[in-house]
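Coordinate analysis (summary)
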Amino acid sequence: MNINLPNFNMKNLVKEAGSTISRVVQLTEEKLGTTERTEYDLHFQNLAERADVTKTWTEKIVRDTESVLIPNPQNRVEDFIFEKIEKSKPKRLSNLEHLALDMIEAGGDFGQDLPYGQALIKAGQAEQKLGQCEHDFIATSGICFTQPLRKFLDGEMKTIGKERGILETKRLDLDACKNRVKKARSMLGQQSAERDLRVAQAEFDRQSEITKLLLDGISTSQASHLRHLHAFIQTQVRYYKQCGDVMEQLQRELAKMQHPKPRLRINSEDVDGGPPSSVSMHSCDSDSLVGLALDSDPDPDLDKSLTNLLGDFHIEFDTTAVSTV
């Protein structure tokens, strides 16, 4: 029976193993401080530092935004899994929609003809509208803000990280070649080490330029992120305005359902406003009011009680019934 084994290039395999060992030795000596290392230029260091800061803060902003849009961490994990397996996210009711359903059901049980039942149904319908506004806000915010930022992290930043890793490998190879040149004892060994050094230097310079170009591109990415931020803020403004409009409409509808305050006319036997059964005989004559006004030692409790009593009425003074002192 013929067994087809893969064709290994033993020479390349041994060479790669030797390079790996040289890198490990070089890195160990650098950690111990027993050898020198090639430092990146200041411009490259600034670009690399800015890339690290951009990655860190972008990750935090994405996480915080998703926490605001979907406060339940279990739902966020569930949505993330469905997104990774490329399936549609499950449709779930928000807290506002659960509240809306309970309000509408309670209003029906309490009685649609009663003021409280009517008010609950109106409030529940408004909460349903708020829930729909919330769904639209979450979907739009994901499209215009969190998804582009996450795409940046999963695409451009991962590419930069990969190229920076390759550059660090080339840097270790370069420093290992420099050490071999220093330690070469024979003329033949010196020439071989210098040849390897020239190759390592060229590869390091080439990879350094590639990485710099990618790091420079972060400025363009941040300009794009600024546009996404503007779109997110506009989405928030529109969302809160819609919510405000819904609540103002609800407030007007509830105000129409309230009964007007009863009207009490001083010095009159007639009481205006409200059904007779809802108004007790809160009437007083001019002598009583004048006596209270001229009392030299007013009772604070009595003044407070009178204020609370008259606060429930719209009072009209019958000036024709007040005698001139």
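Residues numbered from 1 in each chain as written. Predicted model: local features only at pLDDT ≥ 70, side-chain atom pairs only at ≥ 80, totals over all residues. Heavy atoms only, no water.

1. Topic: the pattern of salt bridges
To keep things clear, this is the line we draw: Think of a salt bridge as a Lys or Arg side-chain nitrogen and an Asp or Glu carboxyl oxygen that are within 4 Å of each other. In DSSP terms, a helix is any run of H or I states spanning at least four residues, a strand is any run of E spanning at least two, and both are numbered starting from the N terminus. Type-normalised accessible area, obtained with a 1.4 Å probe on protein chains alone, sets the label of each residue: buried when under 20%, exposed when over 50%, and partly exposed for intermediate values.
The final tally for this structure, using the stated rule, is twelve salt bridges. Measuring nitrogen to oxygen at the nearest pair gives 3.9 Å for the salt bridge that ties Glu-36 to Lys-182. With a gap of 146 residues between them, Glu-36 in the loop between α1 (10-32) and α2 (42-69) and Lys-182 in helix α5 (residues 115-183) connect regions that are remote in the sequence. For Glu-36, a relative accessible area of 61% translates into the label exposed. Note that Glu-66 and Arg-150 form a salt bridge whose closest N and O atoms lie 3.0 Å from each other. Here the residue Glu-66 occupies a position in helix α2, and Arg-150 occupies one in helix α5, the gap between them amounting to 84 residues. Look at Arg-150 and you get partly exposed, because its relative accessible area is 24%. Connected through salt bridges with shared partners, the residues Glu-168, Arg-171 and Asp-175 form a single ionic network.

2. Some words on the packing of α2 against helix α6 (residues 187-216)
Inclusion rule: Axes, fitted as lines to C-alpha atoms, cover a helix only where it is in contact. Angles between the N-to-C directions of the axes lie from 0 to 180 degrees. Oblique is the label for any angle not covered by the other classes, which are roughly parallel (under 35 degrees), roughly antiparallel (over 145) and roughly perpendicular (65 to 115). By definition, turning the near helix anticlockwise from the far helix through less than a right angle yields a left-handed crossing, and turning it clockwise yields a right-handed one. A contact between two residues is defined here by any heavy atoms of the two lying within 4.5 Å. Gly is placed with the polar residues, together with every amino acid not listed as nonpolar (Ala, Val, Leu, Ile, Met, Phe, Trp, Tyr, Cys and Pro) or charged (Asp, Glu, Lys and Arg).
Relative to each other, α2 and α6 sit at 45°, their axes nearing to 10 Å. Relative to α6, the element α2 is oriented oblique. Considering the relative orientation of α2 and α6, their crossing is left-handed. Counting all contacts with α2, which are made through His-43, Phe-44, Leu-47, Ala-48, Arg-50 and Ala-51, the residues of α6 involved are Ser-208, Thr-211, Lys-212, Leu-215 and Asp-216. Tallied by class, residues from the contact of α2 with α6 come to five nonpolar, three polar and three charged.

3. Quick look at α5
An α-helical turn contains 3.6 residues, so any two residues separated by three or four positions project in the same direction. What counts, and what does not: An expected span of 1.5 Å times one less than the residue number is assigned to each helix. Working definition for bend: take the seven residues up to and ending at a residue and the seven starting at it, fit an axis to each, and measure the angle between the axes.
For α5, which comprises 69 residues, the first-to-last C-alpha distance of 96 Å matches the rise-based estimate of 102 Å (1.5 Å per residue) to within 8%. Considering bend angle alone, the principal kink of α5 is centred on Gly-142 and spans about 50°.

4. Notes on the environment of Val-62
Take Val-62: it is sitting in helix α2. Here Val-62 is in contact with Leu-149, Arg-150 and Leu-153, once residues within four sequence places are set aside.

5. Quick look at the nonpolar core
A general trend in soluble globular proteins is that nonpolar side chains are found buried together. Worth spelling out the cut-off: Residues belong to one nonpolar core when they are buried, are Ala, Val, Leu, Ile, Met, Phe, Trp, Tyr or Cys, and are joined through side-chain atoms within 4.5 Å.
Grouped together as the largest cluster of nonpolar side chains are 33 residues, with contacts concentrated most on Phe-44, Met-157, Leu-215 and Ile-218. Looking at this core, the elements that each hand over two or more residues are α2, α5, α6 and α7 (218-257). Tallying contributions element by element places α5 first for this core, with 16 residues. When residues no more than four places from it in sequence are discounted, the contact partners of Ile-218 are Arg-50, Ala-51, Thr-54, Glu-156, Met-157 and Ile-160.

6. With respect to a nonpolar patch on the surface
So the rule is basically this: Residues forming no salt bridge and having over 30% relative accessible area are the ones grouped into patches, like charges within 9 Å of each other and nonpolar side chains (Val, Leu, Ile, Met, Phe, Trp, Tyr) within 5 Å. Residue burial considers only the protein chains on display, and all accessible areas are found by Shrake-Rupley using a 1.4 Å probe.
On the surface, Val-77, Phe-80, Ile-81 and Ile-85 cluster together to form a nonpolar patch covering roughly 370 Å² of accessible area. Relative to the assigned elements, Phe-80 resides in helix α3 (residues 73-84). Taking relative accessible area as the criterion, Phe-80 reaches 41% and is therefore assigned partly exposed.

7. So, the packing of α5 against α7
Relative orientation of the contacting elements α5 and α7 amounts to 180°, with a least axis distance of 9 Å. In terms of their interaxial angle, α5 and α7 are classed as roughly antiparallel. For the contact of α5 with α7, the residue count by class is 25 nonpolar, nine polar and six charged.

8. Things to note about the packing of aromatic side chains
The test is simple: Here a pair means two rings of Phe, Tyr or Trp (six-membered ring of Trp) with centres within 6.5 Å. Their orientation is stacked below 30 degrees between planes, edge-to-face above 60, and tilted elsewhere. Counted as over-ring charges are cases with an Arg CZ or a Lys NZ within 6 Å of the ring centre that also lie within 35 degrees of the ring normal.
Applying the stated criterion to the full structure yields seven aromatic pairs. With centroids separated by 6.1 Å and ring planes inclined at 20°, the aromatic side chains of Tyr-40 and Phe-204 adopt a geometry described as stacked. On the criterion of sequence distance, the pair formed by Tyr-40 in the loop between α1 and α2 and Phe-204 in helix α6 is long-range, its members being 164 residues apart. The class for Tyr-40 is buried, based on a relative accessible area of 16%. Using a relative accessible area of 8% as the deciding quantity, one classes Phe-204 as buried. An aromatic cluster is present here, built from Phe-137, Phe-145, Phe-232, Tyr-239 and Tyr-240 joined pairwise through their rings. Sitting above the plane of the Trp-57 ring, Lys-60 keeps its charged end 4.7 Å from the centroid.

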